[in-house]
Amino acid sequence: ILAWDQAMGFMLLDDLGAQTMIEVIDRDKPAANLPLYMRAADALVAWQLASRPGVLPEYDQALLARELSLFPDWYLEKHKGVKVEGKVRETLDSTFKLIIERNLGSPQVYVHRDFMPRNLMMPGDPSEQRLGVLDFQDAVYGPITYDVASLMRDAFLSWDEEFVLDVTVRYWQKAEKAGLPVDPDFGDFYRAVEWMGLQRHLKVAGIFARLTLRDGKPQYLADAPRFINYIRTTCARYRELKPLLRLVDKIEGIEEPNIFGFGRQ
C-alpha cells in the first residue's frame, strides 16, 4: 500500500498483476506446481509473522460453532431434505463439540480464511517472487492450522495426498524456521491441520448449498462432492469421527464394502 486516504476511500497499491495462481497451475502434473506452492507458503508465513493479538476479531468458539451450523442448516436440511433431530442431532452436536475443542487448542495467528490459489495473484513484474493476496476482508485471529488447510484442500481443485503432505511439511519447516508457533512434531501438526480442515469442509459444504438455494448460483453446489470427499477422508482416519462418517455415508448413499473375513465364528 503506497498511499491511503481513508476518508475519501482511495488507495494506491502496487500492481498485483492480472493472473491468479489457479490460472497458471498445471492440474495434471502436481510436482510441476511445487515452486508455485512454495511461493504461496512464503506468502502465508509472511502473513502469519505479522500477527498481533487484539487487531482482528477472535476466531472463537461462537464463530466456529456458527460456521459449523451451516452444514446441518443448509446442506442437510435444505439441500438433502434431512431432518436434523434425534440421533442425527446428537451425532452432529457431539462431533462439532469435539472439532471446536481440538481447533481452539491450536496456537493463534492471523487467519485469512480463504487462502487458496483463486485469491493469490501472480505479480506483473516477473522479477517479483512475492504473490499478491486478495479477499482478506473476513480475516480473524485464530488457529495457525487454518490457512494451510485451506491452501491444500482447495474448494476448486484437489491434489493427491502425497502432494498435500509434501507442501504441508515444507510449509511447516518454513514456519518453524521463522519462529511461528507450529507444533514441533510434524505428525501432531498434520493431525491438527486435518481437524481444522474438517471444520472448513463442513462449513463450505453448507455455504455452497446456501449459494445455490438462496442466491441462485448452482455452479457452487457442483463442487460439493469434493468437500464430502474431504470430510469422509478425514473422518475415516480418526476413531472419534466415525459416527460422523457413518452419518455422511448414510445421507450420501455410500456403502462401504464389508472388510471382515468369511467363515469366522
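Residues numbered from 1 in each chain as written. Predicted model: local features only at pLDDT ≥ 70, side-chain atom pairs only at ≥ 80, totals over all residues. Heavy atoms only, no water.

## Comments concerning helix H7 (residues 161-177)
Along its 17 residues, H7 runs 24 Å from first to last C-alpha, staying within 8% of the 24 Å computed at 1.5 Å per residue. Listed in full, the buried residues belonging to H7 are Phe163, Val164, Val167, Thr168, Tyr171, Trp172 and Ala175. Buried residues along H7 cover an arc of 165° about the axis, so they all sit on one side. Facing away from the buried side of H7 by over 90 degrees, the exposed positions are Glu162 and Lys177. Taken together, the buried residues of H7 touch helix H2 (34-49), helix H6 (146-152) and helix H8 (186-213). Residue Gly179 follows H7 closely and has a positive phi angle near 90°. (Helix = DSSP H or I, 4+ residues; strand = E, 2+ residues; numbered from the N terminus. Expected span 1.5 Å × (residues − 1). Buried < 20%, exposed > 50% of the residue type's maximum accessible area, 1.4 Å probe, protein only. Arc of directions from axis to C-beta. Contact = heavy atoms within 4.5 Å.)

## Focus: the side chain of Glu67
Mapped onto the fold, Glu67 is located in helix H3 (residues 61-68). For Glu67, the side chain forms a polar contact with the side chain of Gln199, separated by 2.8 Å. The residues touching Glu67, leaving out its near neighbours within four places in the chain, are Tyr59, Arg113, Gln199 and Lys203. (Polar contact = N/O pair within 3.5 Å; in protein donor to acceptor, adjacent residues only side chain to side chain.)

## Considerations on helix H11 (residues 242-252)
Within the sequence span of H11, burial applies to Leu244, Leu245, Leu247, Val248, Asp249 and Ile251. Elements that come into contact with the buried residues of H11 comprise helix H4 (70-79), helix H5 (86-104), H8 and helix H10 (224-237). Backbone geometry just downstream of H11 places Gly253 in the positive-phi region, at approximately 70°.

## As for the packing of aromatic side chains
Tallying each qualifying case throughout the model produces 16 aromatic pairs. When the ring of Phe156 is compared with that of Phe208, the centres are 6.2 Å apart and the planes differ by 35°; the resulting orientation is tilted. Separated by 52 residues along the polypeptide, Phe156 in the loop between H6 and H7 and Phe208 in helix H8 bring together distant segments of the chain. Phe208 matches Phe156 in its accessibility class, with the two residues each being buried. Clustering of aromatic rings is evident, with ring pairs tying together Phe156, Phe208, Tyr220, Phe227 and Tyr230. The residue whose ring lies beneath Arg102 is Trp195, and the NZ or CZ to ring-centre distance is 4.2 Å. (Phe/Tyr/Trp six-rings, centres within 6.5 Å; stacked < 30°, edge-to-face > 60°. Lys NZ or Arg CZ within 6 Å of the ring centre and 35° of its normal.)

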